[in-house]
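Structural characterization, general
Letter by letter, the chains look like this.
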Amino acid sequence: MIDNANAERRVLDGEVDFTMMYAAHDAFSRHLDRIAASIEPGAGAVAAVAPRWELFTRQLHIHHTVEDASLWPRLRLAISEPDEVAVLDAMEHEHAQIDPLLERVDAAVAGGDASDLLTSLRELRAGLGAHMRHEENDALPLVEAYLGLAGWAAFAQDIRKTQGLRGGALYFPWLLEGVPAPAAAKLLGVLPAPVRLLYRRLWVPKYLRAYG
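As the structure is a prediction and not an experimental result, all values here were calculated from the model. (Residues numbered from 1 in each chain as written. Predicted model: local features only at pLDDT ≥ 70, side-chain atom pairs only at ≥ 80, totals over all residues. Heavy atoms only, no water.)

It is worth spelling out the layout of surface pockets at this point. A volume near 790 Å³ is recorded for the largest pocket. As for the largest pocket, its lining consists of 29 residues, of which M20, A156, I159, R160 and F172 are closest to the centre. (1 Å grid on protein atoms, 1.4 Å probe; cavity = no way out; pocket = protein on both sides within 12 Å on 5 of 7 lines; lining within 4 Å. Points joined across faces, edges and corners; volume = space filled by probe spheres on them.)

Turning our attention to the environment of L117. Along the polypeptide, L117 turns up in helix α4 (residues 114-176). Residue class for L117 comes out buried when judged on its relative accessible area of 0%. Look past the residues within four positions of L117 in its chain and what remains in contact with it is I39, V46, V49, V105, A108 and V109. (Helix = DSSP H or I, 4+ residues; strand = E, 2+ residues; numbered from the N terminus. Buried < 20%, exposed > 50% of the residue type's maximum accessible area, 1.4 Å probe, protein only. Contact = heavy atoms within 4.5 Å.)

Glancing now at helix α1 (residues 19-38). For α1, with 20 residues, the first-to-last C-alpha span of 28 Å sits near the 28 Å given by 1.5 Å per residue. Taken together, the buried positions of α1 are M21, Y22, A23, A24, H25, A27, F28, S29, H31, L32, I35 and A36. As for α1, its buried residues are in contact with α2 (50-78), α4, α5 (181-188) and α6 (193-211). (Expected span 1.5 Å × (residues − 1).)

Running from N to C, α4 and α6 cross one another at 75 degrees; their axes reach a closest spacing of 9 Å. Between α4 and α6, the angle is such that the two are roughly perpendicular. Along its contact with α4, which presents L165, G168, A169, L170, F172, P173, W174 and L176, the element α6 presents Y199, W203, V204, Y207 and Y211. By residue class, the composition of the contact of α4 with α6 is 12 nonpolar, one polar and no charged. (Axes fitted to C-alpha atoms, helices over the stretch in contact; angles between N-to-C directions. Parallel < 35°, antiparallel > 145°, perpendicular 65-115°, else oblique. Nonpolar A, V, L, I, M, F, W, Y, C, P; charged D, E, K, R; others polar.)

Attention now goes to the side chain of H95. Assignment of secondary structure puts H95 in helix α3 (residues 82-111). On the basis of relative accessible area, H95 is assigned to the buried category, the value being 4%. Of note is the side chain of H95, whose polar atom sits 3.2 Å from the side chain of H131. (Polar contact = N/O pair within 3.5 Å; in protein donor to acceptor, adjacent residues only side chain to side chain.)

Right, let's get into the side chain of Q59. Topologically, Q59 is positioned in helix α2. Setting aside anything within four residues of it in sequence, one finds Q59 in contact with F28, Q163, Y171 and W174.

Now the structure itself:
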């Protein structure tokens with residue numbers, strides 16, 4: 001599997017602001033941990049995690065699909081050095097490696113075995129975590145160097161188009177659930193004021209009714 005499990009995130013401080021990418025990666029890890037914690041012995045039935053698991057897989061599918069269709073192809077056109085090409089090859093290969101891990105969790109949720117589900121979730125947590133760290137430390141610097149602000153903005157636009165307004169109404173409460181208030185306020189600050197109002201008055205209450 002992906003050999004990057006113990007690497008630390010190297011936060012980039014350049015022209016491109018990758019804050020939302022880091023936040024998405026943190027959300028994937030945080031929600032996997034929450035799902036696993038909710039099925040520890042005595043903490044609840046496996047069936048109860050199915051809605052949160054479905055939401056997690058939906059967000060990860062959008063994230064990886066848009067990377068594969070939008071971000072990596074643009075970057076591949078801009079690079080030529082073999083070591084840089086190897087990084088992009090690894091990103092695509094790692095996405096493919098994660099798919100069977102997702103399928104194992106799907107099967108464990110359907111099967112209702114808590115022990116099997118916990119094992120599958122831990123394998124996914126390790127594999128996805130290692131991939132995300134590899135992406136942050138080796139692929140994002142290439143995005144900074146070769147695509148810059150315009151290329152990153154194009155990717156962000158493709159994410160927004162794929163999510164749509166209805167998807168955004170679910171994505172932002174999911175993204176910020178469990179985030180400390182100061183950090184959440186900073187992330188919300190990138191949104192237009194009308195969207196922040198929708199988030200607070202409509203999106204969060206609806207999300208909590210469904211997943212709280």
